[in-house]
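Reading the structure
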Amino acid sequence: MDRKKFIKTSGVGLGMALMPGLIQGQNRIAENNIKPGNDPKIIKETEGNVLNVIGDIQTHKVSGKDTGNQIVEWVSNVDPGVGIPPHIHTKEDEIFRVIKGEVEIMVGGKTTLLKAGDIAFAPRDVVHAWKVVGTEKAQMISSAFPAGIEIMFAELAALPPGPPDFGKVTEICAKQGINFV
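The model shown is predicted, which means the values in this text are computed figures rather than measured ones.

A few words now on the sheet that holds strand β1 (residues 49-53). Read from one edge to the other, the open sheet built from 6 strands follows the order β1-β2-β3-β10-β5-β8, with strand pairing classed as antiparallel. If you trace the sheet from one side to the other, it starts and ends with β1 and β8 (119-122), each paired once. Sheet twist, expressed as the mean angle between neighbouring strand axes with direction ignored, is 25°. Strand direction decides the pairing type here: strand β2 (residues 56-62) and strand β3 (residues 72-78), joined by 5 bridges, are antiparallel. By the bridge assignment, Ile-57 is partnered in β3 with Asn-77. Helix α3 (residues 149-157) rests against β1, β2, β3, β5 (93-100) and β10 (138-145) of the sheet, and its axis sits at about 60° to β1.

Dropping the structure here:
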């Protein structure tokens, strides 16, 4: 068999073999309300949507609307002493990567000091918390998947300045399936 004929024949066969999987994948995308074919996006260091989420200064780089609701990623710039108390996510997993400073993180009952370059994974339904320690401001890249949590962050950022009303914070977080323990 010559090369052209082989490519032509195997290409049709391969296409027929893959077609059921492609159709099934499209159905799954429709069922989960995920939009296929998201546009590529480049986000520079100084770009993004900046939110003050109760002292956690977050610059959201990509959100659910950018990724077909698959992932949201933000960069936190946080002062020493600021953190998030123990809580559980029921809808999303999170990854935390420290870029600068030191962050004490507790995941599943185990507390670890993260420094620049260290990563922690907090799966859904596992208690976790974090706090910036030391004297240096920390910078941390966080990802949550699937997306959706960014809507909660926007609501929290819209709260009036000053000490937060923990009852209101709890109510907003509960809508996202996040409970404090």
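On to the side chain of Ser-142, then. Note that Ser-142 resides in strand β10. Not counting chain neighbours up to four residues away, the residues in contact with Ser-142 comprise Val-72, Glu-73, Trp-74, Ile-95 and Phe-96.

On to the nonpolar core. Val-72, Trp-74, Ile-149, Met-152, Phe-153, Leu-156 and Cys-173 are the most contacted members of the largest nonpolar core, which has 15 residues in total. Every element with two or more residues in this core is listed here: β1, β3, α3 and α4 (166-175). Once residues within four sequence positions are removed from consideration, Met-152 is found in contact with Ile-172, Cys-173, Gln-176 and Ile-178. Core analysis: the next-biggest nonpolar cluster, separate from the first, contains 14 residues, Val-82, Val-98, Val-103 and Ile-105 among them.

With that settled, consider the pairing of β2. Burial analysis of β2 places 6 of its 7 residues in the buried class, the great majority of the element. Across 5 bridges, the pairing between β1 and β2 is antiparallel. Looking at β2, one finds that Leu-51 is bridged to Gln-58. If you look at the hairpin formed by β1 and β2, you'll find 2 residues sitting between the two strands, and Ile-54 has a positive phi there, around 50°.

Turning our eyes to something else, we now look at α4. Within α4, the full set of buried residues consists of Val-169, Ile-172 and Cys-173. One side of α4 carries all its buried residues, which in axial view fall inside an arc of 95°. Where α4 is buried, its residues meet α3 and β11 (178-180). Capping the start of α4 is the job of one residue whose side-chain oxygen sits 3.0 Å from the backbone nitrogen of Gly-167: Asp-165. Phi for Gly-177, located one or two positions after α4, is positive at around 80°.

Attention shifts here to the packing of α3 against α4. Packing of α3 against α4 leaves a shortest axis separation of 9 Å and a crossing angle of 160°. On the basis of their axis angle, the class for α3 and α4 is roughly antiparallel. In terms of crossing hand, the pair formed by α3 and α4 is right-handed. For the pair formed by α3 and α4, the contact residues are Met-152, Glu-155 and Leu-156 on the first element and Val-169, Ile-172, Cys-173 and Lys-175 on the second. Here the contact of α3 with α4 is built from residues that sort into 5 nonpolar, no polar and 2 charged.

Definitions and cut-offs
- Position numbers for residues count from 1 along each chain, tracking the sequence in the order it is written.
- Residues qualify for local features only when their pLDDT is at least 70, as the model is predicted, and side-chain atom pairs are given and counted only at 80 or more; totals for whole chains, interfaces and linings, by contrast, use all residues.
- Calculated side-chain values reflect all of the structure's heavy atoms, with hydrogen atoms and water omitted.
- When DSSP finds two or more bridges between a pair of strands, those strands are recorded as paired.
- Counting from the N terminus, the helices are DSSP H or I runs at least four residues long and the strands are E runs at least two residues long.
- Fitting a line to C-alpha atoms yields each axis, with helices limited to the stretch in contact; the angle taken between N-to-C directions then spans 0 to 180 degrees.
- For this analysis, residues touch if any pair of their heavy atoms sits within 4.5 Å.
- Nonpolar cores are built from buried Ala, Val, Leu, Ile, Met, Phe, Trp, Tyr and Cys residues. Side-chain atoms within 4.5 Å join them into one set.
- Summary of the burial criterion: residues with accessible area below 20% of their type's maximum are buried, those above 50% are exposed, and those between are partly exposed, where the area comes from a 1.4 Å probe applied to protein chains only.
- Along the arc lie the directions from the helix axis toward the C-beta atoms.
- Polar contact criterion, stated in full: a pair of N or O atoms within 3.5 Å, where within protein one must be able to donate a hydrogen and the other to accept it, and residues adjacent in sequence count only if both atoms are side-chain atoms.
- Oblique is the label for any angle not under 35 degrees, not over 145, and not in the 65 to 115 range, which are roughly parallel, roughly antiparallel and roughly perpendicular in turn.
- Crossing handedness: left-handed means the near helix sits turned counterclockwise from the far one by under a right angle, and right-handed means the same turn made clockwise.
- Polarity classes work like this: nonpolar for Ala, Val, Leu, Ile, Met, Phe, Trp, Tyr, Cys and Pro, charged for Asp, Glu, Lys and Arg, and polar for all others, with Gly in that last group.

By themselves, these observations are geometric and do not establish any function.
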